[in-house]
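Commentary on secondary and tertiary structure
Each chain, letter by letter, is given below.
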Amino acid sequence: MDCSLTLGNLIGYQFATVSDEERQQVEAHLVECTSCLRSYLALKAHADRGGDAEGPSEAARLKLRAAVAARFRPTPTRRVGRLLTRPVPLYQGLAVAAVVALAAALGPALARVVHPALSAHVAERVDTARPSPESITLY
Amino acid sequence: MESDEALYARVKKGDMRAFDVLYARHASRLFGFLRAQLPSRADAEDVLHEAILATLESAEVVFDRGSFRTWLYRIARNLVLNRARSKGRGELAMVRFGASEAPRSGADDDVAHVELLRALDGAVARLPQPLSDLYHLRTSGLTYEEMAVVLGIPLGTLKSRMNQMVNVLREELKPWTAP
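What you see is a predicted model, and the numbers here were worked out from it, not measured in a lab.

Turning our attention to the overall build of chain B. The number of helices and strands found in chain B is ten helices and zero strands. When the helices and strands of chain B are listed from N to C terminus, the series reads α-α-α-α-α-α-α-α-α-α. Out of the 179 residues belonging to chain B, those deemed buried represent 35%. The contacts in chain B between residues at least 6 apart in sequence include a share of 59% that link residues at least 24 apart.

Here you go:
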């Protein structure tokens, strides 16, 4: 492949639109021809920096950084809001439900063990609430 | 290396170090993309500011159809198009590069390369908008898949337009690439 064909294909080579055969021809020529290689490297460097070597100014960066910080920096209100709106994972919900169910099931038994007097008082109150055989009048 | 998406989530929680990393990763190339389409550095810096802030402020970004980068470029491109609509395309036409001069005969290699690059700039500036978008997105480092998402076109259409864009540039650069 001569220089004119190679240079014509450099853009396509850079953007990977050439066929495999053309790509191999371009690469074979670039290895041998310093001038075409330099053209290719210049094109590649130019394209890689988007045609503009300079980036945004430092002032622009600082202005944007300040705007982002003002918008997203955590404040006490935002922290509380985030805590309240934080989704609760399923396993945490299930764990809480299990504890509540266990407390409901074992609560009365535990209360009798810990406070026997209270349990007896409750039992007595229950007994007095029942009608005694004497209070029943048969008609 | 931490992904853009993870950094994005951290910035939204107020982590400014994550912002610094994201900025260092994308600002320069995005600025190049904007600079190529807007008449001044000030315009490009304004749109860069708006695009990054708007991307970060998006309430719901779904990354399953594209990356943070595609989202960022999509917003930036829309902002450029909005400016073009509001100001009129004439004002926003590529004014950085005039018509290319004819190549100088007998120029040495360095001069020839400079002229080739100037010719490329001129040729890119004269590309119609859809092809110009392709050139600038590709030189910003986006993959074909990412470009298709940004432009909202099928991958096959994108590849076909890439071929068209390369052929146009190739024709435009013929006087400079001929021996």
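Picking up where we left off.
As a further point, take helix 8 (residues 144-151) of chain B. All names here are of chain B. Of all the eight residues making up helix 8, six are buried; the element is thus mostly covered by neighbouring parts of the structure. Those residues of helix 8 not exposed but buried are Glu-146, Met-147, Ala-148, Val-149, Val-150 and Leu-151. Gly-152 sits one or two residues past helix 8 and shows a positive phi near 65°.

Below, the discussion takes up the nonpolar core. Val-11, Leu-34, Val-47, Leu-48 and Ala-76 of chain B are the most contacted members of the largest nonpolar core, which totals 57 residues. Looking at this core, the element that brings in the most residues is helix 2 (residues 16-35) of chain B, giving eight residues. If near-sequence neighbours (up to four positions away) are discounted, Val-11 of chain B is found in contact with Val-68 and Phe-72 of chain A together with Ala-18, Phe-19, Leu-22 and Leu-56 of chain B.

On to the interface of chain B and chain A. Reports often express the size of an interface as the amount of accessible area lost when the parts come together. Residue-level contacts link 41 residues of chain B with 35 residues of chain A. Secondary-structure elements contributing two or more residues to the side of chain B that touches chain A are helix 1 (4-12), helix 2, helix 3 (41-57), helix 6 (109-125), helix 7 (129-139) and helix 9 (155-172) of chain B. With ten residues, helix 2 of chain B is the largest single contributor of residues to the side of chain B that touches chain A. In terms of residue class, the side of chain B that touches chain A is built from 22 nonpolar, ten polar and nine charged.

The rules we used
Position numbers for residues count from 1 along each chain, tracking the sequence in the order it is written. Ligands are numbered from 1 and chains lettered from A, in the order in which they are written. Where totals are concerned, whole chains, interfaces and linings use all residues; where local detail is concerned, this predicted model gives features only for residues with pLDDT of at least 70, and gives and counts side-chain atom pairs only at 80 or more. Going along the chain from the N terminus, every DSSP run of H or I of four or more residues is numbered as a helix, and every run of E of two or more is numbered as a strand. The burial criterion counts other C-beta atoms lying within 10 Å of a residue's C-beta, which is placed from the backbone; the residue is buried at 20 or more, exposed at 12 or fewer, and partly exposed between these limits. By the criterion used throughout, residues are in contact when their C-beta atoms, derived from the backbone, lie within 7 Å. Definition of nonpolar core: a set of buried Ala, Val, Leu, Ile, Met, Phe, Trp, Tyr and Cys residues joined via C-beta atoms within 7 Å. Residue classes follow a fixed rule: Ala, Val, Leu, Ile, Met, Phe, Trp, Tyr, Cys and Pro count as nonpolar, while Asp, Glu, Lys and Arg count as charged, and any other residue, Gly among them, counts as polar.

By themselves these figures say nothing about function.
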